[in-house]
Amino acid sequence: MSSSTMRWWVAVDLIEKILSAGNAKADEVEIYLSTGRSVTARLKRREISYAAGSDNKSLAIRVISGGKIGVSSTSNPGRWEPCLDAALRSAQLANAQEWKGLPRPDPAGGGWINFDQTLIPDPARAGGLLQDMVEGAGAYPVEITSGSAEISRFSTVLANTNGLFREDRESLVSIGLEAIREQSTGYEFETSWKADIDAVEVGRRAAFLASSSAGGRDIPTGTYDVILSPVALAQLVEACIIPALSGRNVHEGRSRLAPLLGEEVFDPALTLTDDPFHPRGTGSCLWDGEGSVTRRLPFIERGVLRCFAYDLKTAYRYGKESTGSAVRSGMGGGISIGVHCATLDGPRCNLADEEGIWVHDVVGAHTANPLTGDFSVELSNAFLTRGGHFEYPIKSAMLTGNVFEMLKGTEGISREERVVGAFVLPSIRLKNQRIIGN
Amino acid sequence: MTGIRYFDIRHVRGEVTHIDSENGRVESAGTSFLDRAIVRVLGPKGWGILSLDTFERPGRENLDEILERGSRLASLTQQEVVLADVPSGTIPVPPLKEDPRSIDLPEKEGFLLEIEKAARMTGITSTRASYIERFEDVYFGDSSGNEYSYTICRCGYSVLAVAVRGGEMQMGYRRRHALQDFPLRHMQDDGRKAARRALALLDAKRPRGGRMNVILDPELAGVFAHEAVGHASEADLVQEGGSVLGGRIGHAIGSDCVTIIDDPTLPEFGFEPVDAEGSVVGPTEIIKKGVLNAYLHSRETLAAVGHGHAGNARAMPGEPPQVRMSNTYIREGDSSVDEVIAECRRGIFLIGTRGGQVDPGRGVFQFNAECGYIIENGECGQMVRDVSLSGEILSTLHGISLCAGDRRMHEGYCGKGGQSVPVSDGAPHVLLHDAVVGGSGSD
């Protein structure tokens, strides 16, 4: 019997105990138990300076009584009793709301869709990924400043007093390398749930960015066509678009998209979807963080706003259905509304054939105004492109505008896509964007 | 055990209490528990590190097992890590002004709802408030026989107001954090201020970006000190070759009115009684009258880079220590705020912050203001919104020509390497010449 199987039975016993104790005092009880192992190795310049291993455990308990919802969590599941007491006290303090019950077991069954059993948290393997990145970076004359490689496996169990009992397993490998040439930096990374990442290529790309950004030129302030890489696009979409699609923000008066259901909000060529079954999505899942079955959500279809995202609590309160959009995050695995794997589709083409400014990354996207979408960000690794290649690097400039307005007029998206956080995105070409140069 | 040169253990147990309210209704309130430890083992070369949830401080037998695991990890490292020999010790945690544990949760909810209610003025369509209270029992012990433990409390709240008129939507917010105190009493004025800011922003215009003179208010100037100078002075980045401030000790990198200090001993939100590897904490003059004077250090970076003292290793529970800022500020000058505005003549006065970011290797920073005012003929005029500032560290500091005498500190959290730690930033009103301002306005 493997040690992971041993842990599994320990978990089953623990969950039964908590559900039983909680059920005596609340209408419904939900348990979310997560256990995981990860290894991390870090580079300082070209050498491994530390190797780390983590044993992670967390337990989140939710209880519902008379529409009052209480929550608590702990990183010491063995001490579940104070955690259950805290959840029960929390429910006493909450305002009651319309509540139609936690999910019941789904006969469709389960399984996991982002777990690769060959991805083992082995520190030597993490060290090997670092060495591969160093090798890749050798393609360009740069200094490596830092790098990291992390491999993790998690097992989660979601169970409730309606008989739902679901186990999920996830694996993740995440690597990144930062390089510098003179005063030009380049950072590249890759994340995957399976053992398919090309660490040599990640190192090469980081070195390319640092090397080719050296000797940048100033550009005058003006209006330019801009090509945002998936890295830059993901940050702006995450800062402004995703919060505006949350049902909670929509109904609580914090989304500018709230009154626009059925209306054109993007370029009619663009479709924004949450695809929980995307084969590359690191957050892909068959059910969401509270056990609702997930489904593809076409938020914006050919430019038209079609739906918002709901968890159970928000859906029950506002007479909607859960869209399977509950995600677990933070220290205690608390529930919020989010996306599992957001994708953008549209007309695919070669984006760099015509003149424009290609932007790999931006500095400060999180400072965008999440309500209005207004932003001003500094460009990182930006180049003037012409005829399909980089003409010269741009030393320093800001891109300023409004994320919602920006996506109303596009010139196409790239054929290639990449995983960035909870997104799998292409690059996008945008017309007439304002650049503040020097 | 062979090959182990040093080890330390940092174990944190704690309770985190939160209250979230939305539009006058308590959405969630309760307490969660944390119990995490980090064990670092320094092998013949580098570190082997274990991050453990559910930690029982080990007896001799368990300790050997943990050290063996750490040692195996350390055997993979290549870089020879040297630790500077530095003084170890603690300073007292300031006494609790008011113990938040003495106030029950329903009463705390009442205080928070009062703040949120104060924000519900005419024209405000949505309000939200949240409170967080964190008690941590911290234990530190190392193989040199040093052992410390302390309890620390940090609390904070925020209130958000959304104003809508026609198709226009704007927000205003206020937030406060407190060290060793309960911050929720009699703070309804913050709700009103958040609401007034949201309403005023409905009439503000987007400025046209470009190069101009800028006045930073104390909150934003504090963020400037943090983003533009503080991060680049963290010696782990210097050691890696990833900071533009590397190799510039003794160089004039700013005007002589600029002195920037980091001080974990100040009883502000970034206070630490001892750092995360047991080193004594103390103030560091990073920039002294425009000249780069010292870096912020851990024991490892002090040995590798020099220039300064250890005491700035900080960590979230269960995470490895990193070199971090604590309470960082620009020292006050002797000008009045009116003199700063008059000296600006034509430009923009930026107020409040929505955060910032820096690329320390490239030496480029960006941060965003909550709002601002156009300055014409040395006087404040039209309100503007969604305005940010970017620049290069090595040139921008030369552009600071005046510092007022009204330094104030503001609390917040700073992220680095996946860890978020409490900090405070501070400054007086500061005049910055010829800065790059981002704004999407057309006139």
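Keep in mind the model is a prediction, meaning the values are calculated, not measured. (Residues numbered from 1 in each chain as written. Chains lettered and ligands numbered in written order. Predicted model: local features only at pLDDT ≥ 70, side-chain atom pairs only at ≥ 80, totals over all residues. Heavy atoms only, no water.)

A. Quick look at the interface of chain B and chain A. Each partner contributes to the interface: chain B provides 81 residues, whereas chain A provides 75 residues. Of the roughly 6,400 Å² buried between chain B and chain A on both sides combined, carbon and sulfur atoms contribute 45%. Contact with chain A buries surface across chain B, with B:Phe33, B:Glu240 and B:Arg362 losing the most and accounting together for 12% of the total. At the boundary of chain B and chain A, one finds 10 salt bridges. Note that B:Glu27 and A:Arg317 form a salt bridge whose closest N and O atoms lie 2.6 Å from each other. (Contact = heavy atoms within 4.5 Å. Buried area = accessible area lost by both parts, 1.4 Å probe. Salt bridge = Lys/Arg side-chain N within 4 Å of Asp/Glu carboxyl O.)

B. Looking closely at the sheet that holds strand β13 (residues 327-330) of chain B. All names here are of chain B. What the 6 strands build is an open sheet, ordered β10-β9-β8-β13-β20-β19; its pairing is mixed. Of all strands in the sheet, those bounded by a partner on one side alone are β10 (291-292) and β19 (408-416). The pairing of strand β8 (residues 260-262) with strand β9 (residues 284-288) spans 3 bridges and is classified as antiparallel. Paired with Ile260 across the two strands is Ile287, which belongs to β9. Across the face of the sheet, helix α4 (residues 218-230) comes into contact with β8, β9, β13, β19 and β20 (419-427) while running at roughly 125° to β20. (Pairing = 2+ DSSP bridges. Helix = DSSP H or I, 4+ residues; strand = E, 2+ residues; numbered from the N terminus. Axes fitted to C-alpha atoms, helices over the stretch in contact; angles between N-to-C directions.)

C. Examining the pattern of salt bridges more closely. Inspection of the entire model under this criterion finds 60 salt bridges over all chains. One salt bridge connects A:Arg348 with A:Glu417, and the closest N-O pair in it is separated by 3.1 Å. Within this pair, whereas A:Arg348 is found in the loop between β13 (342-345) and β14 (356-363), its partner A:Glu417 is found in strand β18 (residues 410-420), the two being separated by 69 residues in sequence. Exposure remark for A:Arg348: the relative accessible area of 29% places this residue in the partly exposed category. Note that B:Glu22 is salt-bridged to B:Arg128, the shortest N-O span being 3.4 Å. (Buried < 20%, exposed > 50% of the residue type's maximum accessible area, 1.4 Å probe, protein only.)

D. Here's a closer look at helix α3 (residues 188-201) of chain B. Residues and elements named next belong to chain B. The terminal C-alpha atoms of α3 lie 20 Å apart, and with 14 residues this matches the ideal 20 Å at 1.5 Å per residue to within 8%. All of the buried residues in α3 are Asp190, Gly191, Ala194, Ala195, Ala198 and Leu201. Taken around the axis of α3, the buried residues stretch over an arc of 135°, which confines them to a single face. Looking at the buried positions of α3, the neighbouring elements they touch are α2 (105-118), β4 (124-142), β5 (147-165), β6 (168-179), β16 (364-376) and β17 (379-392). (Expected span 1.5 Å × (residues − 1). Arc of directions from axis to C-beta.)

E. Spotlight on the domain arrangement of chain B. All names here are of chain B. You can read the domains of chain B as domain 1 (6-201) and domain 2 (208-440). Here domain 1 and domain 2 have C-alpha centroids that lie 22 Å from each other. If you look at the interface, domain 1 gives 47 residues, while domain 2 gives 42 residues. Together, the buried faces of domain 1 and domain 2 total about 3,500 Å²; carbon and sulfur atoms form 58% of this surface. Among the residues of domain 1 in contact with domain 2, Ile91, Arg154 and His177 are the three that bury the most area, contributing 17% of the side total. Our enumeration of links across domain 1 and domain 2 arrives at 5 salt bridges. Contributions of two or more residues to the side of domain 1 that touches domain 2 are made by β1 (6-22), β2 (25-42), β3 (47-53), β4, β5, β6 and α3. Per-element accounting of the side of domain 1 that touches domain 2 gives the leading share, 10 residues, to β6. (Domains from an automatic or database assignment.)

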